[in-house]
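# Examining the three-dimensional arrangement
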Number of protein chains: 2
Amino acid sequence: MSGREFFTARTVAEARSGFRPAHRTTVRTVPLAEALHRVPAGPVPATAALPGFDRSTVDGFAVRAADTFGASDGLPSYLDLLGAVRMGAAPEVAVQPGGCVAVPTGAALPPGADAVVMVEYTAETMPGTIEVTRPVAAGAGLVRADEDVAAGAALVPGGRPLRAAELGLLAAAGVTEVTVHTRPRVAIVSTGDEVVPPDTATLRPGQVRDATASALAGLVADAGGTPVRAGIVPDEPGALKEALGGVLAGDLGGPVDLVVVSAGSSVGVRDETTGAVAALGDVWCHGLAIKPGKPTLLAECEGVPVVGLPGNPLSALVVFRLVGVPLVWSLAGCPQPPPEPTTRARLSRNLASAAGRLDVVQVRLAAGPAGTTAGSTAEPLFGPSALLSVLTRADGYLVIPEPATGLAGGTEVEVVLYR
Amino acid sequence: MSGREFFTARTVAEARSGFRPAHRTTVRTVPLAEALHRVPAGPVPATAALPGFDRSTVDGFAVRAADTFGASDGLPSYLDLLGAVRMGAAPEVAVQPGGCVAVPTGAALPPGADAVVMVEYTAETMPGTIEVTRPVAAGAGLVRADEDVAAGAALVPGGRPLRAAELGLLAAAGVTEVTVHTRPRVAIVSTGDEVVPPDTATLRPGQVRDATASALAGLVADAGGTPVRAGIVPDEPGALKEALGGVLAGDLGGPVDLVVVSAGSSVGVRDETTGAVAALGDVWCHGLAIKPGKPTLLAECEGVPVVGLPGNPLSALVVFRLVGVPLVWSLAGCPQPPPEPTTRARLSRNLASAAGRLDVVQVRLAAGPAGTTAGSTAEPLFGPSALLSVLTRADGYLVIPEPATGLAGGTEVEVVLYR
């Protein structure tokens, strides 16, 4: 233990904007049913217009709009009923001047018609004659053949995870497969002589089960990645370097796109981690201006980004959310992670912070009047970062930005909610 | 086409609070690695305290706090270095009065010690003697054996989807399997003579590919359910009743927990849907005070909730988000769906609404100054609800609540963001 720490420290903002490895996962074509939240490799164009035919949006009668001009309850237009369009079928009859054709919502507009009068403004007073009591403008009661999507237009953009509604639009356009980035394979390496697998029934004094790897696997999956567990590496000189070398060489069943090391928490072990990573690639920073989470290492080894996390699970998870999750998305071709749930709340008490450092504070929300979230209060949860339960008891976290020296009680804050 | 609609109409709030089928999915024990966002059947208790031993949170020296009282740079305390604790190992030496033991962060506190002095406030001026220049209080620099979780306390609550950090805490406690509700199996039944499968290469005039089923499958998956496609039922008398009967009888490879019918959009077809559902069970409401989405049917058939959605994909998806998604969560034992991403924005223009009706308005966000979301503007997207692209072009939606008759331009609104 040297007792002193020397960091190439960066701010979280610098890490998020500056540590952007060029590596992207390969692309692969997957069925639409497996494409939710996957990132398309590029925009997907429509090969034909949608809906592809002029389509009624109401139950009523297809007409020539000019035939209804001036129609009113007192002076209706009388139109000859020439036939009806069936759902899903091509119209078999055209609308002639002075005539009309019955159409249900969603049916094709017959030739000759330029509007649809809603059934509510009509009556069949004599068999074969429709009385229209409201005028319609051309284009009323229908969507044009290319109004949903024009041929050649993008159905969905590239680089943004596919949303449920987008799967619908792709299906509507007959797109049943999408070329998407493969899920980033994220190697999770645990280190520490004190760390034992979660299935260890009984702990000896000094031993702890590996909490970080399971929680990281969850965050990786949420970010669209595939966690790959690399096990627990002991604190022996050379052991981590050997393990990392194996991971980079494909020992985990193939190449990985990101390596996350939950490093030992003591200074000596951190130095060992830095040494192992530096021996295999370039260290981008060693230390982030964040609390908790300062002893974070960012590096690139053989084109693969490596994130060395602090030893405490709480600190490790805070940092991975802020720095690792955007990286996983970025590796999958998505430059901007999808939005996270947030809420506004009033801070229950003063919070101190050092200028130049991002503070991440776990909070519980106390509901406002009548259980609304609108008037809710954010209660900071304190405790050593060795306590994972501080994180699991929290409803979310707030961030005190770098320039601030604290936040006053009563301030309205944005709380990022866990889900 | 009758031209008139008779509804047993309800508000969305009534539907969300009142339409709560008692049915819950069964429970099953799954490995921790598959438990993310699954709903535990009940609280999971800790069988032993965590971390299980008094644990150092700093690199330093375990001491008796009383031996450091009054220590300062000018008048240090001198303590005999009695040994060191290794990571992951039981301490082999106790702290005697006037002595200290070196401990790394995360190691077990040796017997006899009640505090840890950070290495920063010490020096080994002579071999075997540690100079302490700051006093520590009892309990400083450590967490107690039960400080993370006490034996018997709940590690996670029941009824709330498991979060990433909770997987970590469960792993730390040696819980490698969790008993969770099985994923609700949600049958998706499409109807309509005009509706053809998404893999139909060329459409005849009047035909549309099934967009709703693919989008619904995405929303169901997001809500933790398993979508099961039941195909497309034609608009023939009796066909839907027969199809629903088969779904309820287990034709889709076993029982289902929820049936969603994307009903035809014309009045006549809606009546047919109501008739089919009424023949098999009890209709709870036919019509919701929501725009778009009014022609929504809620029913229970043989204990299984049935949601009949409007024929337009946009309307169907709006209603399913508000009414169906909470149902899916509830069926899995989660009374309150997890939070969704939201943001605040200023409305770009006036919006009208009828009192007594919930209006759901799709919006695009225009970024505020310097790309911040804080000052962003919500631009309503208009267009017939027949246009699915209105939904896919939107960044999210806002809700005009039932009592309001509209919202004034410039009002700050909460936008639920799509992801």
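Rules of the game
Residues numbered from 1 in each chain as written. Chains lettered and ligands numbered in written order. Predicted model: local features only at pLDDT ≥ 70, side-chain atom pairs only at ≥ 80, totals over all residues. Least-squares fit on C-alpha atoms with pLDDT ≥ 70 in both. Contact = placed C-beta atoms within 7 Å. Pairing = 2+ DSSP bridges. Helix = DSSP H or I, 4+ residues; strand = E, 2+ residues; numbered from the N terminus. Axes fitted to C-alpha atoms, helices over the stretch in contact; angles between N-to-C directions. Nonpolar A, V, L, I, M, F, W, Y, C, P; charged D, E, K, R; others polar. Domains from an automatic or database assignment. Buried ≥ 20, exposed ≤ 12 C-beta atoms within 10 Å, placed from the backbone. Arc of directions from axis to C-beta. Core = buried A, V, L, I, M, F, W, Y, C linked by C-beta atoms within 7 Å. pLDDT = per-residue confidence, 0-100. Parallel < 35°, antiparallel > 145°, perpendicular 65-115°, else oblique. Left-handed = near helix turned anticlockwise from the far one by under 90°.

With that settled, consider the relation of the copies chain B and chain A. When chain B is fitted to chain A, the best match, at an RMSD of 0.0 Å, comes from turning it 180° and sliding it 0.0 Å along the axis. This pairing of chains is accounted for by a two-fold axis. Taking C-alpha positions as reference, the residue of chain B nearest the rotation axis is Pro341 of chain B, located at 1.7 Å. A symmetric contact is evident, with 99% of the interface residues of chain B recurring at the interface of chain A.

Right, let's get into the sheet that holds strand S6 (residues 99-103) of chain A. Residue and element names in this part refer to chain A. What the six strands build is an open sheet, ordered S7-S4-S6-S5-S9-S8; its pairing is mixed. Either end of the sheet is taken by a strand with one partner, and the two such strands are strand S7 (115-118) and strand S8 (122-126). Recorded for the sheet is a direction-independent mean angle of 40° between the axes of neighbouring strands. Here strand S5 (residues 77-84) runs beside strand S9 (residues 129-132); their pairing, made up of four bridges, is antiparallel. Bridge pairing in S9 links Ser77 to Val132.

Here the focus is the sheet that holds strand S17 (residues 258-262) of chain A. Residues and elements named next belong to chain A. Taken together, the six strands give an open sheet; going across it, the order is S16-S13-S17-S21-S20-S18, and neighbouring strands pair in mixed fashion. Each of the sheet's edge strands pairs with one partner strand only, and the pair in question is strand S16 (226-233) and strand S18 (282-286). Within this sheet the neighbouring strands show an average axis-to-axis angle of 20°, counted without direction.

A word on the interface of chain B and chain A. Contacts between the two partners involve 84 residues from chain B and, on the opposite side, 83 residues from chain A. Per-class residue counts for the side of chain B that touches chain A are 44 nonpolar, 22 polar and 18 charged.

Our focus in this paragraph is the domain arrangement of chain A. Here chain A is described as being made up of domain 1 (12-26 + 182-331), domain 2 (28-50 + 147-181), domain 3 (55-143) and domain 4 (342-417). For domain 1 of chain A and domain 3 of chain A, the distance between their C-alpha centroids amounts to 67 Å.

Our focus in this paragraph is helix H4 (residues 239-248) of chain A. Residues and elements named next belong to chain A. Taken together, the buried positions of H4 are occupied by Leu240, Ala243, Leu244, Val247 and Leu248. When H4 is viewed along its axis, its buried side chains cluster within an angular range of 135° and face the same direction. Backbone geometry just downstream of H4 places Gly250 in the positive-phi region, at approximately 100°.

If you look at the biggest cluster of nonpolar residues, it comprises 260 residues, and the most contacted ones within it are Val260 of chain A together with Val260 of chain B. The contacts of Val260 of chain B, once residues within four sequence positions are left out, are Val186, Ala187, Ile188, Val189, Leu216, Val307, Leu309, Phe320 and Gly324 of chain B.

Attention shifts here to the confidence of the model for chain A. On average, chain A scores 93 in pLDDT, and the residues at 70 or more come to 96%. Interface confidence for the predicted complex, given as ipTM, is 0.94, next to a pTM of 0.94.

All names here are of chain A. Burial analysis of strand S21 (residues 304-309) places six of its six residues in the buried class, which makes it a mostly covered element. The side-chain alternation of S21 yields two buried faces, one formed by Val304, Val306 and Gly308 and the other by Pro305, Val307 and Leu309. One ladder, built from five bridges, connects strand S20 (residues 297-301) with S21; its direction is antiparallel. Within S21, the position partnered with Leu298 by the bridge is Val307.

Another point: the pairing of strand S13 (residues 185-191) of chain B. All names here are of chain B. Here S13 lies mainly inside the structure; seven of its seven residues are buried. A two-sided burial pattern is seen for S13, the buried positions comprising Arg185, Ala187, Val189 and Thr191 on one face and Val186, Ile188 and Ser190 on the other. In terms of strand pairing, S13 meets strand S16 (residues 226-233) through six bridges, oriented parallel. Its bridge partner being in S16, Val186 is matched across the sheet by Pro227. Where S13 and strand S17 (residues 258-262) come together, five bridges link them in parallel fashion. Considered in S17, the bridge of Val186 is made with Leu258.

A few words now on the packing of helix H3 (residues 212-222) of chain A against helix H6 (residues 313-331) of chain A. Residues and elements named next belong to chain A. At a minimum axis separation of 10 Å, H3 and H6 run at an interaxial angle of 25°. Classified by the interaxial angle, the pair formed by H3 and H6 is roughly parallel. At the point where H3 passes H6, the crossing takes the right-handed sense. Within the contact between the two elements, H3 uses Thr212, Ala215, Leu216, Leu219 and Val220 and H6 uses Pro313, Ala316, Leu317, Phe320, Arg321, Val325 and Val328.

Okay, helix H2 (residues 164-172) of chain B next. In terms of residue burial, H2 of chain B counts as a mostly covered element, since nine of its nine residues are buried. Residue Gly174 of chain B follows H2 of chain B closely and has a positive phi angle near 80°.

This part covers unusual backbone geometry. The peptide bond linking Lys291 of chain A to Pro292 of chain A adopts the cis configuration, its omega dihedral lying at -5°. Counting through the fold element by element, Pro292 of chain A comes out in the loop between strand S19 (290-291) and S20. Here Leu50 of chain B and Pro51 of chain B are connected by a cis peptide whose omega angle stands at 0°. In this structure, Pro51 of chain B sits in the loop between strand S2 (44-45) and strand S3 (55-56). Here the phi dihedral of His37 of chain B falls at roughly 65°; this positive angle occurs in a residue that is not glycine. For His37 of chain B, the location among the structural elements is in the loop between strand S1 (27-31) and S2. His37 of chain B sits in the buried class, given 20 other C-beta atoms within 10 Å.

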